[in-house]
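# Inside the fold
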There are 2 protein chains.
Amino acid sequence: MSRQLHLNLFLMSRGHHEGAWRHPGSNHKALTDLDLYVEAAHIAEAAKFDAVFLADTLAAGNSSGLASSGSLEPIVLLALLAAHTEKIGLIGTASTTYSLPYTLARQFATLDHLSKGRAGWNIVTSWAPEAGANYGLQQNLDHSDRYKLAEEFVEAVNALWKSFPSEAVVDDRDAGKYLDLSRIRPANYQGQHCRTKGPLNVPGSPQGRPVYIQAGQSDSGRAFAARWAEAIFTAHMTIDSAKSFYSDVKNRAVAYGRRPEDIVVLPGISAAIGSTQREAEQVWEELDALTSTEVGLTRLKARFGGHDFSQVPLDRPLTKEDFPDPNAVEASKSRVIGYVEMSLREKLTLRQLLRKLAGARGHVAVAGTPEEIADIIEEWFLSGAADGFNVMPPIINSQLSLFADEVVPILRKRGLFRTDYEGDTLRSHFGLGAVRADPTFAQSA
Amino acid sequence: MSRQLHLNLFLMSRGHHEGAWRHPGSNHKALTDLDLYVEAAHIAEAAKFDAVFLADTLAAGNSSGLASSGSLEPIVLLALLAAHTEKIGLIGTASTTYSLPYTLARQFATLDHLSKGRAGWNIVTSWAPEAGANYGLQQNLDHSDRYKLAEEFVEAVNALWKSFPSEAVVDDRDAGKYLDLSRIRPANYQGQHCRTKGPLNVPGSPQGRPVYIQAGQSDSGRAFAARWAEAIFTAHMTIDSAKSFYSDVKNRAVAYGRRPEDIVVLPGISAAIGSTQREAEQVWEELDALTSTEVGLTRLKARFGGHDFSQVPLDRPLTKEDFPDPNAVEASKSRVIGYVEMSLREKLTLRQLLRKLAGARGHVAVAGTPEEIADIIEEWFLSGAADGFNVMPPIINSQLSLFADEVVPILRKRGLFRTDYEGDTLRSHFGLGAVRADPTFAQSA
């Protein structure tokens, strides 16, 4: 079969646009109501998406107009979604900075068992100072220490997931032998930041372990992804930027002894879909009218490491001096550099920059008919910019339904996307092989 | 309405007896198969039990004959059970020694939201050295430090659960105001062991917070329970021991400014049910024949803090010298003292002690007809020994079904147990009032 596209639903409350929660087309159920998430997951599963994905933050927002300020914990929410779905993959975000390896290993192994092999772990190295304070830390780790900790953390949980293979459960009732103890061994992981003895007390799960997903774009982030990631979520506003990222991480993976197809690269795409180009653009306009400058400035400040933009006039083109030094920004540095470059290149005012970020947050944002959206997806897919997309509907459910009902059938007609699931696990949806005896792990041991 | 009995299902793999996993009457689905747990939860919910309860351990067992060596993580399993049930409470064990307060607060708040108010937290202060090694600690906290940490931990998560009340979510789409920020405040908890700034990023859940359950029997454990617990799981082998515990913790609660009915006391009961006394006793005999001395000795060693019994003859009455000094045992000390006293009083051999522990693990174990079991329950309930029971069926599902189908109807006929749920939350099933402005919390602040 020819190379197939992968589609992932970025499931974010009432939609990916900052104004979506107020839009008449969004699902107005409470953000703490399971049905909000189940309904979207059902649309994605009926369209045979590879997975739903839940992002996460470890601190409350501080703007009254920000519907995403309160967020349910992803692992628990995914567990309920597992019960309400059959085939779709379930990807949850969890931080290597603010988690306990033994607990994380057990929770994902349990999710993988109970979903029959559909769990994915989006590995993040959290950075917000607010998160540090919530976890009782006096000061945050810097960028490089966070990645060192992340390497150790993944090595530790990886060792735990190998410590109690499923074959050790023999469950021989006649002989009175439940376990073959000879197949169980401690993990004995001793890093500088992480230590765990093991073995894990949950046997190997259907996928062996969850699929590893990662989203870092910095040099350390790419090195980490090249070693560990099986899927990468990435943010690009142009196809050229996406192509350059795509070839870079595939080359880096090869340098780790992996095959290019061992990593599925999924840029985000936020598409406003209409029956005409004009109707699609109107969706963005309606959403923009529902955002507030206050919320935009609160978010911009957070993105730029606490830099205060409140003295910058809203309606004159931005200058280099309006921004902080991007190198002083601790997180998502490459995205921040992209925002500065775009602002200067396109002579954006602050108001215009806020609107761009309200919609797609650094991902490509497009408006068009279903054919036009399918064209863009096909172009990125065939030209080495993407193996698929992290679909970020600006409005959930209305724009998600349009994507599922109008765009997906066109992609199918072009032979790019599955008509049904061929396997049962996320690993199989992503076209990944079985978990191998891990050469990159051995390298580090 | 008269005082009502509470029944809780201790949901433990294939049954509470060590030999249950091999018994023809147990559910032979894999211990990692969701259906094993869903089927038992459905039986309990159909019988209108208050809750299902999942215990937990943070280390793998080390005996090949021990089916409980691998255990799914309780919070994730409960989340799936929430999706498969409607009314029954969902109680999960989580440790104050090996959890992160912010994460635990989010996970239980999420479970409480998505189950519509059915979450309960069984607060344990873990002690096994193996758990410490899995969590990377060089040495374990001693008993008294564990309780100090537990107090701080609960104060911290309690403060987080109050930091973002549900009323702060106004979700006013017309005005563009999602939150009333004036109702949100940081937790700012600063203890010696625990610190968290907050606010939590999950709004107040249907019950405000999960119901607090606790099981400590030591002096520190009882003091902790008197302050915090809304339900207590407790282990007694005689009604006299249960009565003395019951009046002690109720008196202690009163000393904290609480009412006796603010704590529901639930001893464990393991009942083998048959149509005749002989048939019931045969169930224990069948189960005993399925246990092994090896497994029993492994467990006994763990209970007695690592003391080695392998040199003690199996078939002569035990003497005081066969046991270690119970005061040197770090955990469940009162239970350990009870085992020693019982062994000497009843002149048990080691083999007989192993059999007693294989069945009920320090809880009362009985055999009888449904009428006889109902009599015992009624006697304990009416004489000040229990507000209900943590039901530990020796075999799941067969003995659970007998309890549900044969014993529960008798309890109903006697006016002791509900015929249907009257409310929707665990708090309501347990007959607890709303979460009050917490005087015991204020005392400590």
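The shown structure was predicted, so the numbers you read here are calculated from the model rather than taken from an experiment.

### Some remarks on the relation of the copies chain B and chain A
Note on the identical chains: chain B maps onto chain A by a rotation of 180° and an axial translation of 0.0 Å, with an RMSD of 0.1 Å. Both chain copies can therefore be described as sitting about a two-fold axis. In this assembly, 100% of the residues forming the interface of chain B have copies in chain A that are likewise at the interface, indicating an isologous arrangement.

### Brief notes about helix H5 (residues 143-163) of chain B
Helix length check: H5 of chain B, at 21 residues, gives a terminal C-alpha distance of 30 Å against a target of 30 Å (1.5 Å per residue), a fit within 8%. Of all 21 residues in H5 of chain B, 16 are buried; the element is thus mostly enclosed.

### Considering the pairing of strand S12 (residues 364-368) of chain B
All names here are of chain B. Across the two faces of S12 the burial differs, with Val-364, Val-366 and Gly-368 buried and Ala-365 and Ala-367 not buried at all. Pairing of strand S11 (residues 264-273) with S12 involves five bridges; the strand directions are parallel. Bridged to Ala-271 within S12 is Val-366.

### Quick word on helix H8 (residues 277-289) of chain A
Compared with the 18 Å implied by 1.5 Å per residue over 13 residues, the 19 Å span of H8 of chain A between its first and last C-alpha is a close match. Each element contacted by the buried residues of H8 of chain A is listed here: strand S11 (264-273), helix H11 (350-360), strand S12 (364-368) and helix H13 (398-413) of chain A.

### A few points about the packing of aromatic side chains
Scanning the model with the defined rule gives 36 aromatic pairs over all chains in all. Each ring, one from Phe-10 of chain A and one from Phe-53 of chain A, has its centre 5.0 Å from the other, and the planes form 80°; the classification is edge-to-face. One end of the pair, Phe-10 of chain A, is in strand S1 (residues 6-10); the other, Phe-53 of chain A, is in strand S2 (residues 51-54), and 43 residues separate them in sequence. Per residue, the accessibility class of Phe-10 of chain A equals that of Phe-53 of chain A, and both read buried. Ring geometry for Trp-121 of chain B versus Tyr-212 of chain B: centroids 6.1 Å apart, planes at 75°, classification edge-to-face. With Trp-121 of chain B in strand S4 (residues 119-124) and Tyr-212 of chain B in strand S9 (residues 211-214), the pair connects residues that are 91 residues apart, well separated along the chain. With respect to class, Trp-121 of chain B is no different from Tyr-212 of chain B; both count as buried. By the ring-pair criterion, three or more aromatic residues cluster together here, those being Phe-108, Trp-121, Phe-153, Trp-161, Tyr-212 and Trp-228 of chain A. Above the ring of Phe-381 of chain B, the side-chain terminus of Arg-3 of chain B is found at 3.8 Å from the ring centroid.

### Points about the interface of chain B and chain A
Every contact between the two is made by 70 residues of chain B and, on the other side, 70 residues of chain A. Carbon and sulfur atoms make up 60% of the area that chain B and chain A hide from each other, which totals about 5700 Å². Among the residues chain B hides against chain A, the three largest losses belong to Leu-114, Arg-173 and Tyr-178 of chain B. Together they make up 12% of the total. Where chain B touches chain A, the interface holds four salt bridges. Between Arg-106 of chain B and Asp-56 of chain A there is a salt bridge; the shortest N-O distance is 2.8 Å. Seen at the junction of chain B and chain A, the total is 38 residue pairs in polar contact (both at pLDDT 80 or more). Breaking the side of chain B that touches chain A down by element, the ones donating at least two residues are helix H2 (74-84), helix H3 (101-114), helix H4 (129-134), strand S5 (169-172), strand S6 (177-179) and strand S8 (195-196) of chain B. Broken down by element, the residue count for the side of chain B that touches chain A peaks at nine residues, all from H2 of chain B.

### Observations concerning the side chain of Arg-106 of chain A
Residues and elements named next belong to chain A. As for its placement among the helices and strands, Arg-106 is situated in helix H3 (residues 101-114). According to the relative accessible area criterion, Arg-106 is buried, its value standing at 2%. At a separation of 2.8 Å, a polar atom in the side chain of Arg-106 contacts the side chain of Asn-201.

### Let's talk about the pattern of salt bridges
In the structure shown here, the tally under the stated rule is 58 salt bridges over all chains. A salt bridge links Arg-418 of chain B to Asp-50 of chain B; the nearest nitrogen and oxygen atoms lie 2.9 Å apart. Linking Arg-418 of chain B in the loop between helix H13 (398-413) and helix H14 (426-429) with Asp-50 of chain B in the loop between helix H1 (34-46) and strand S2 (51-54), this pair joins segments that are 368 residues apart in sequence. The burial state of Arg-418 of chain B is the same as that of Asp-50 of chain B; both residues are buried. Within the structure, one salt-bridge network assembled from shared partners comprises Asp-219, Arg-222, Asp-248 and Arg-252 of chain A.

Definitions and limits used
Residues numbered from 1 in each chain as written. Chains lettered and ligands numbered in written order. Predicted model: local features only at pLDDT ≥ 70, side-chain atom pairs only at ≥ 80, totals over all residues. Heavy atoms only, no water. Least-squares fit on C-alpha atoms with pLDDT ≥ 70 in both. Contact = heavy atoms within 4.5 Å. Helix = DSSP H or I, 4+ residues; strand = E, 2+ residues; numbered from the N terminus. Expected span 1.5 Å × (residues − 1). Buried < 20%, exposed > 50% of the residue type's maximum accessible area, 1.4 Å probe, protein only. Pairing = 2+ DSSP bridges. Phe/Tyr/Trp six-rings, centres within 6.5 Å; stacked < 30°, edge-to-face > 60°. Lys NZ or Arg CZ within 6 Å of the ring centre and 35° of its normal. Buried area = accessible area lost by both parts, 1.4 Å probe. Salt bridge = Lys/Arg side-chain N within 4 Å of Asp/Glu carboxyl O. Polar contact = N/O pair within 3.5 Å; in protein donor to acceptor, adjacent residues only side chain to side chain.

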